[in-house]
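Coordinate inspection notes
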Amino acid sequence: MSRAAPFYCPYCGDEDLTPEAEPAGAWQCGSCLRVFTVRLVGLSLGDPAGGNGDQ
């Protein structure tokens, strides 16, 4: 299973990204030299009752 590549660094916005071996799924920015991962936390389906969340 292949992973999707991020388009830009979330810290500096540069597009010079290369995969890193550790930690798994990490990317290194060639501009700011930060190593980061992108992780999906979940989906927000909103209020199942159809309201706006106000009480």
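Attention in this report is confined to the structure presented alongside it. Within any chain, residue numbers begin from 1 and follow the written order of that chain's sequence. The model is predicted, so local features are restricted to residues of pLDDT at least 70 and side-chain atom pairs to those at 80 or more, both for listing and for counting; the totals for chains, interfaces and linings are taken over all residues. Side-chain metrics rest on all non-hydrogen atoms present in the structure, leaving aside hydrogens and water.

Attention shifts here to the overall build of the protein. Helix and strand definitions here come from DSSP, where helices need a minimum of 4 consecutive H or I residues and strands a minimum of 2 consecutive E residues; each element is numbered from the N-terminal end. Helix and strand counts for the protein come out as zero helices and three strands. Helices and strands appear in the protein in the N-to-C order β-β-β. Remark: exposure states derive from per-residue accessible area (1.4 Å probe, protein chains only) relative to the maximum for the residue type, with buried under 20%, exposed over 50%, and partly exposed in between. Scored against the burial criterion, the 55 residues of the protein give a buried share of 11%. Only heavy atoms matter for contacts: two residues are in contact if any of them lie within 4.5 Å across the pair. Expressed as a percentage of contacts within the protein between residues at least 6 apart in sequence, the contacts between residues at least 24 apart total 11%.

Our focus in this paragraph is the pairing of strand 2 (residues 26-29). If DSSP finds at least two bridges between two strands, the strands pair. Across four bridges, strand 1 (residues 17-20) lies against strand 2 in antiparallel orientation. Note that in strand 2 the partner of glutamate 20 across the bridge is alanine 26. If you look at the hairpin formed by strand 1 and strand 2, you'll find five residues sitting between the two strands, and glycine 25 has a positive phi there, around 80°. Of the pairings in the sheet, the one linking strand 2 to strand 3 (residues 35-37) comprises three bridges and is antiparallel in character. Paired with tryptophan 27 across the two strands is phenylalanine 36, which belongs to strand 3. Two successive antiparallel strands, strand 2 and strand 3, enclose a turn made up of five residues, where leucine 33 displays a positive phi of approximately 65°.

Bringing the nonpolar core into the picture now. Where a protein is soluble and globular, its nonpolar side chains tend to be buried together. In this description, a nonpolar core means a group of buried Ala, Val, Leu, Ile, Met, Phe, Trp, Tyr and Cys residues linked to one another through side-chain atoms lying within 4.5 Å. Cys9, Leu17, Trp27, Cys29 and Phe36 form the largest nonpolar core, which has five residues in total. Those residues in contact with cysteine 29, other than ones at most four positions away along the chain, are Cys9, Cys12, Asp14, Asp16, Leu17 and Arg34.

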